[in-house]
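Inside the fold
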Amino acid sequence: MITRLILPVGQGAFYVEKFQNRKNIVYDCGSIGNEKKIEELIEKCFERNKVIEAIFISHLDEDHMNGVGKLLEKCKVKRICFPLITEEMKQVLKIKIMIEEAIGNSYSDFIKEFIENPELAIKKIKEDMEIELIEILPNDEQDIVEENNKKIDGEDTKNKKIKRVKKKSGEDIAKEIKELKYNENKWELIPYNFKQETRIIEFEKNLEKEFGKKISLKEIEKIWKKNEDNRKKIKKVYENLKGNLNTNSMTLFSGIREAKIYTQYDSSYVKVGCLYTGDYEAKGKNKWKTLEEAYQEYWKWIGLIQVPHHGSSLNCNDALISKKAIYFLSAGEKNSYNHPSHKVVTDIRFTYNNSLYVVTENKGLEIVLCNDIEIYHTFSSFGQTIEEKIKGEILNSCV
């Protein structure tokens, strides 16, 4: 039996997969303005020192990872998978945080430290933590993995319990996790790190228009510090961006490629795979094609799909939301971004006749997979989930 929890964090993302053999997987853990809610959910979802086999971080934004530090404090996390942190990525994220904090938003110290140096960020939480940090290479940079791993192996982290490696997009992370199965079928965890340069290019072009000259990313911090007029111009360009200034987004397939069930009448396949999409930009033919090709071996087995970027129309694609699957998204009830898009919601529900669960700070979703049984249950209080209310009733039929 597997329980998937789409937890009620509001404008953010916190998704947990609990396996019957006590294995746990997490995809993202964060929320804007709901840090206390994240802490409460972590407390209710995990006992102290509970083992989490892997945390997958789609990208290093506060609404997707500002709860990761708390998870590390409370649980025994074996590995964290996240998009490769390049020097360009560091530069863009530092600029983003600098502007965000100037306009009233905040980033935790853990996120800032993790962007700068993941090993040191983890050491601050727990000096003797034994953990593997897995950076997933962009899908178009697969040939540099061996060279980079040699470089990292030679770095002095001053904590030999922290192992930092790079892996290719499309590599199965579940190979490292013993007994991760569903009905004796081997479970797979397939991350892909996609570059997202559209907004960065737009940001640079609009900076050039605003200042009347080309400005590199490296110059922005210096120009920012010069005077208030410069800061106003940079903030104006940033706030007019059509979406977030992110460099990468890491998706994840979590499931099995074949689940055949037999009845007295026939046999059929159950699609137990889930595609977590983070803030992936699926808008546009080429971007959709890139995602489609990355998971070409898996679409047949995907029955549950996260709508990208809280249901934003800027990240969605008809080819994605028209697949015969059940969809979900996380968004704050009164968020300032107007997520989810009314068009995206109506297209999923009415144009393509698919089911959609909108998870907020007041409503979560629990999915129980057990042999040929799939139960979808919404809940307002974590204590009222299927695990607490009716799991005992279905366990007998699952043995």
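So, a few notes on the structure that sits alongside this text. Every value quoted in this text rests on a predicted model; they were computed, and no experiment measured them.

Brief notes about the sheet that holds strand β17 (residues 302-306)
An order of β12-β13-β16-β17-β18-β19 is seen for the six strands of this open sheet, with the pairing classed as mixed. On the outer flanks of this sheet lie β12 (188-195) and β19 (355-359), each paired with one strand and no other. On average, each strand axis in the sheet is tilted by 15° relative to the strand beside it, whichever way the strands run. Pairing between strand β18 (residues 326-330) and β19: five bridges, direction parallel. When the bridges of β19 are listed, Phe328 appears paired with Tyr357. The strands touched by helix α13 (residues 342-351) are β18 and β19; relative to β19, the strand with the most contacts, the crossing angle is about 145°.

Observations regarding the packing of aromatic side chains
Summed over all chains, the structure comprises 16 aromatic pairs. For the pair Tyr15 and Phe328, a centre-to-centre distance of 5.2 Å together with 85° between the ring planes defines the contact as edge-to-face. With Tyr15 in strand β2 (residues 12-19) and Phe328 in strand β18, the pair connects residues that are 313 residues apart, well separated along the chain. Under the relative-accessibility criterion, Tyr15 is labelled buried at 1%. When its relative accessible area of 0% is taken as the criterion, Phe328 is described as buried. Each ring, one from Tyr192 and one from Phe194, has its centre 5.8 Å from the other, and the planes form 20°; the classification is stacked. Cluster of aromatic residues (ring-pair linked, three or more members): Tyr192, Phe194, Phe253, Tyr280, Tyr295 and Tyr298. The residue whose ring lies beneath Lys233 is Phe211, and the NZ or CZ to ring-centre distance is 5.2 Å. The positively charged end of Lys323 is found above the aromatic ring belonging to Trp299, 4.6 Å away from the centroid.

Comments concerning unusual backbone geometry
Here His339 and Pro340 are connected by a cis peptide whose omega angle stands at -5°. Checked against the element boundaries, Pro340 lands in the loop between β18 and α13. Of note, Asn49 is a non-glycine position whose phi angle comes to about 65°, a positive value. Structurally, Asn49 is set in the loop between α1 (35-45) and β4 (51-52).

Considering the pattern of salt bridges
For the structure shown, the criterion picks out 30 salt bridges. Linking Glu116 and Lys90 is a salt bridge whose minimum nitrogen-to-oxygen distance equals 4.0 Å. A residue pair is termed long-range when its members are at least 10 positions apart, and Glu116 in helix α5 (residues 109-116) and Lys90 in helix α4 (residues 87-102) qualify at 26 residues. Its salt-bridge partner being Glu188, residue Arg257 comes within 2.9 Å of it at the nearest N-O pair. Of this pair, Arg257 sits in the loop between β13 (248-255) and β14 (260-262) while Glu188 sits in strand β12, placing them 69 residues apart in sequence. Connected through shared salt-bridge partners, Lys23, Glu53, Lys78, Arg79, Glu132, Lys163, Lys167 and Glu176 make up one network.

Quick look at the sheet that holds strand β3 (residues 24-31)
An order of β9-β8-β7-β5-β3-β2-β1-β20-β21 is seen for the nine strands of this open sheet, with the pairing classed as mixed. Only two strands of the sheet have a single partner each, and these edge strands are β9 (162-167) and β21 (373-379). Strand-to-strand twist of the sheet, defined as the mean angle between neighbouring strand axes without regard to direction, takes the value 20°. Bridge count between strand β5 (residues 54-56) and strand β7 (residues 79-83): two bridges; the pairing is parallel. Bridge assignment links Phe56 to a residue of β7, and that residue is Cys81. Lying on the sheet, helix α6 (residues 118-125) is in contact with β7, β8 (131-136) and β9; it crosses β9 at an angle near 145°.

A closer look at the layout of surface pockets
Where empty space is left in the structure can be found by rolling a water-sized probe over the atoms. In this structure, the largest pocket spans a volume of roughly 720 Å³. Looking at the largest pocket, it is lined by 36 residues, and the ones nearest its centre are Glu100, Asn244, Ser336, Tyr337 and His339. Among the elements of the structure, α2 (62-65), α4 and α10 (228-239) are those that each provide at least two residues to the lining of the largest pocket. Residue composition of the lining of the largest pocket, by class: nine nonpolar, 19 polar and eight charged.

What about the packing of α4 against helix α9 (residues 217-226)?
Packing of α4 against α9 brings their axes to within 9 Å, and their N-to-C directions diverge by 30°. Accordingly, the angle class assigned to the pair α4 and α9 is roughly parallel. Judged by the twist between their axes, the crossing of α4 over α9 is left-handed. Here Glu88, Gln91, Val92, Ile95, Met98, Ile99 and Ala102 of α4 lie close against α9, whose contacting residues are Leu217, Lys218, Ile220, Glu221 and Trp224. Split into classes, the residues belonging to the contact of α4 with α9 amount to eight nonpolar, one polar and three charged.

Thresholds applied
- Residues numbered from 1 in each chain as written.
- Predicted model: local features only at pLDDT ≥ 70, side-chain atom pairs only at ≥ 80, totals over all residues.
- Heavy atoms only, no water.
- Pairing = 2+ DSSP bridges.
- Helix = DSSP H or I, 4+ residues; strand = E, 2+ residues; numbered from the N terminus.
- Axes fitted to C-alpha atoms, helices over the stretch in contact; angles between N-to-C directions.
- Contact = heavy atoms within 4.5 Å.
- Phe/Tyr/Trp six-rings, centres within 6.5 Å; stacked < 30°, edge-to-face > 60°.
- Buried < 20%, exposed > 50% of the residue type's maximum accessible area, 1.4 Å probe, protein only.
- Lys NZ or Arg CZ within 6 Å of the ring centre and 35° of its normal.
- Salt bridge = Lys/Arg side-chain N within 4 Å of Asp/Glu carboxyl O.
- 1 Å grid on protein atoms, 1.4 Å probe; cavity = no way out; pocket = protein on both sides within 12 Å on 5 of 7 lines; lining within 4 Å.
- Points joined across faces, edges and corners; volume = space filled by probe spheres on them.
- Nonpolar A, V, L, I, M, F, W, Y, C, P; charged D, E, K, R; others polar.
- Parallel < 35°, antiparallel > 145°, perpendicular 65-115°, else oblique.
- Left-handed = near helix turned anticlockwise from the far one by under 90°.

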